[in-house]
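# Coordinate inspection notes
This is what each chain is made of:
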Amino acid sequence: MLKDRIDTIAAKIAPEMIELRRRIHEHPELAFEEHKTAALVADSLKGIGIEPKTGVGKTGVVGVLKGGKGGATIGIRADLDALPITEATNLPFASKVQGKMHACGHDAHTVIALGVAKVLHALKSELPGTVKFIFQPAEETLAGAKAMIADGVMENPKMDMILGYHNWPQVDAGKIGYLPGAVMASSDAFDLTITGKPGHAAHPHTAIDPIVAASHIVTLLQSIVSREVAPAIPAVLTIGQIQGGTARNVIAGSVLLKGTVRTLDAAASGQVEAAMRRILDGVCPGMRVTYALDWQRLAPVLRNNEDILAPTLAAAREILGDDHVVPLSGPSMGSEDFAWFAEQVPAAHLRIGSRIDGLNCQVHNANYDCNDLAIPTGIRAVAYAAIKLLEQRAKG
């Protein structure tokens, strides 16, 4: 049976893939700096028998595997970048780069995709279509997907569907988690500059204090979600950074506030921005300050397409077992720029269980680690799902 052959290949290559993940883990690279990681991916694809295309979206890599039978094209996407975190795991393969760490498991994501490439290349003659492997940079800054799309990753060949995944420490290793509909929130970033008039702290009447104005504005902005967005719509407005002033006895000339807006409803994002501008238009003149608001849409809401998700889950249940495919408790307010791919072609995004017993830690933490079992689990589930989706498309 096909799934038994996939299991056999996945089991054979698992030690190699785990060791490769540890090599990547030791040498983390930040967004658009993934030169060594990209070179390793390119060399690995060549070793498999897939010719890589490098420099896609600056540091991305793409490999195309054409099956022996004509058919549709499916994309499989993995991310490459690490985070600016100093590792505190004390693992034997801990980061050797001070201040940088694979604290989100992208090292595991990369080798899962390479493992899937190995499996599907071994089955190339009976593969009913084409598989495009997309190794994306800069997911952590939500910039890599758009960069690759701008460089033409959706073309030559065009994809009919795409699969993505993320390791998930809330799910037991060896299992796959899923959620229909909205999976992860959109992400908007804003830089708000409040400008007043500098002066001496002893003579505030001769100045216009932007720090006082900013303090009022921070409080007022919180009322947007609590009083203007419908309670049934998940939304978050967070100001995570304030910069202003140079000394305790000097009134600053300006204050910079940096924040993020997350929501699971596309319309709510525009609603929050409009409300923020309305509040600023009203408050700033009254406090004698001016403002400049720079708003960037970093990622849309990530939604699973049911026509892709359903057969993907059916394939995962068949190869892993029914009890190893579990529903998630709800969507995440975190964001994932795989959503840009999902906006262009039907997509499904899975959670690959990565929990380590005794390690109570989530991603983006200095002591985070990914369970090795997530790697063969991901290889088996994604490889089998890709074949089943191509078979389904071939049957019409």
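The text that follows walks through the structure, step by step, so that each part is easy to find. (Residues numbered from 1 in each chain as written. Predicted model: local features only at pLDDT ≥ 70, side-chain atom pairs only at ≥ 80, totals over all residues. Heavy atoms only, no water.)

## Re the packing of helix α1 (residues 2-26) against helix α2 (residues 35-48)
- Running from amino to carboxyl end, α1 crosses α2 at an angle of 160 degrees, the nearest separation of the two axes being 10 Å. Taken together, the axes of α1 and α2 lie roughly antiparallel to each other. In terms of crossing hand, the pair formed by α1 and α2 is right-handed. Counted together, Leu20, Arg23 and Ile24 of α1 and Thr37, Leu40 and Ser44 of α2 form the full contact between these two elements.
- Taken together, the residues of the contact of α1 with α2 break down into three nonpolar, two polar and one charged. (Axes fitted to C-alpha atoms, helices over the stretch in contact; angles between N-to-C directions. Helix = DSSP H or I, 4+ residues; strand = E, 2+ residues; numbered from the N terminus. Parallel < 35°, antiparallel > 145°, perpendicular 65-115°, else oblique. Left-handed = near helix turned anticlockwise from the far one by under 90°. Contact = heavy atoms within 4.5 Å. Nonpolar A, V, L, I, M, F, W, Y, C, P; charged D, E, K, R; others polar.)

## Comments concerning the packing of aromatic side chains
- This structure, assessed with the given rule, holds two aromatic pairs.
- Between the aromatic rings of phenylalanine 190 and tryptophan 295, the centroid separation amounts to 5.6 Å while the plane-to-plane angle is 15 degrees, which identifies the pairing as stacked. Of this pair, phenylalanine 190 sits in strand β8 (residues 186-195) while tryptophan 295 sits in strand β13 (residues 290-299), placing them 105 residues apart in sequence.
- Looking at tryptophan 295, the relative accessible area reads 12%, which means it is buried.
- Consider the rings of phenylalanine 338 and phenylalanine 341, whose centres lie 6.1 Å apart with planes at 55 degrees: the pair is tilted. With phenylalanine 338 and phenylalanine 341 both in helix α8 (residues 338-344) and three residues apart, this pair spans about one turn of that helix. (Phe/Tyr/Trp six-rings, centres within 6.5 Å; stacked < 30°, edge-to-face > 60°. Buried < 20%, exposed > 50% of the residue type's maximum accessible area, 1.4 Å probe, protein only.)

## Description of the side chain of serine 95
- Along the chain, the position of serine 95 falls in the loop between β3 (69-79) and α3 (106-122).
- Among the polar contacts made by the side chain of serine 95, one reaches the main-chain carbonyl oxygen of valine 97 at a distance of 3.1 Å. (Polar contact = N/O pair within 3.5 Å; in protein donor to acceptor, adjacent residues only side chain to side chain.)

## Structural notes on the nonpolar core
- The biggest cluster of nonpolar side chains holds 70 residues, and the ones touching the most others in it are Val116, Leu120, Phe133, Phe135, Tyr165 and Ile379.
- Per-element tally for this core: the top contributor is helix α9 (residues 374-395), with twelve residues.
- Ignoring sequence-local partners within four residues, the contact set of phenylalanine 135 consists of Val41, Leu45, Gly60, Val61, Ala78, Leu80, Thr110, Ala113, Leu114 and Met148. (Core = buried A, V, L, I, M, F, W, Y, C linked by side-chain atoms within 4.5 Å.)

## Examining the sheet that holds β8
- Pairing is antiparallel across the open sheet formed by four strands, whose spatial order is β10-β12-β8-β13. Only two strands of the sheet have a single partner each, and these edge strands are β10 (235-244) and β13. Across the sheet, the mean angle from the axis of one strand to that of its neighbour is 15 degrees, orientation sign disregarded.
- Two elements, β10 and strand β12 (residues 254-263), share nine bridges in a ladder whose sense is antiparallel. In the strand pairing of β12, glutamine 241 is matched with lysine 258.
- Set on the sheet, helix α5 (residues 210-227) makes contact with β8, β10 and β12; between it and β10 the angle comes to about 170 degrees.
- Sheet contacts for helix α6 (residues 266-286): β8, β10, β12 and β13; angle to β13, the most-contacted strand, approximately 170 degrees. (Pairing = 2+ DSSP bridges.)

## A look at the pattern of salt bridges
- Per the counting criterion, the structure on display carries 21 salt bridges.
- Notably, a salt bridge pairs aspartate 188 with arginine 297, separated by 2.8 Å at the nearest N-O pair. Within this pair, whereas aspartate 188 is found in strand β8, its partner arginine 297 is found in strand β13, the two being separated by 109 residues in sequence.
- Residue classification places aspartate 188 among the buried positions, given a relative accessible area of 2%.
- In this structure, arginine 297 engages glutamate 273 in a salt bridge whose closest nitrogen and oxygen atoms are separated by 2.8 Å. Remark: glutamate 273 occurs in helix α6 and arginine 297 occurs in strand β13; sequence separation between them is 24 residues.
- Residue class for arginine 297 comes out partly exposed when judged on its relative accessible area of 39%.
- You can call glutamate 273 buried: its relative accessible area is 15%.
- Connected through salt bridges with shared partners, the residues Arg21, Arg22, Asp107, Asp369 and Asp372 form a single ionic network. (Salt bridge = Lys/Arg side-chain N within 4 Å of Asp/Glu carboxyl O.)

## Description of α1
- Given a rise of 1.5 Å per residue, 25 residues ought to cover 36 Å, and the 35 Å separating the end C-alpha atoms of α1 matches this to within 8%.
- Residue alanine 14 marks the point of greatest curvature in α1, where the axis turns by about 45 degrees; the proline proline 15 follows within four residues.
- Looking only at α1, the buried set comprises Lys3, Ile6, Ala10, Ile13, Ala14, Met17, Ile18, Leu20, Arg21, Ile24, His25 and Glu26.
- On its buried face, α1 is in contact with α2, α3, α7 (306-320) and α9. (Expected span 1.5 Å × (residues − 1). Bend = angle between axes of the 7 residues up to and from the residue.)

## What about the pairing of strand β2 (residues 60-66)?
- Across the seven residues of β2, five count as buried, placing the element largely inside the fold.
- Two elements, strand β1 (residues 52-56) and β2, share four bridges in a ladder whose sense is antiparallel. Within β2, the position partnered with valine 56 by the bridge is glycine 60.
- Here β1 folds back onto β2 in antiparallel fashion, the turn holding three residues, of which glycine 57 has a positive phi close to 65 degrees.
- When β2 meets strand β4 (residues 128-136), the two strands line up antiparallel, connected through six bridges. Looking across to β4, one finds that valine 64 is bridged to lysine 132.

## Notes on unusual backbone geometry
- Here the amide bond leading from asparagine 156 into proline 157 is cis, since omega sits at 0 degrees, within 30 degrees of zero.
- With respect to the helices and strands, proline 157 occurs in the loop between α4 (144-150) and β5 (161-172).
- Backbone geometry places phenylalanine 32, a non-glycine residue, at a positive phi of 60 degrees.
- You will see that lysine 58, though not glycine, has its phi angle at about 80 degrees, which is positive.
- Residue classification places lysine 58 among the exposed positions, given a relative accessible area of 60%.

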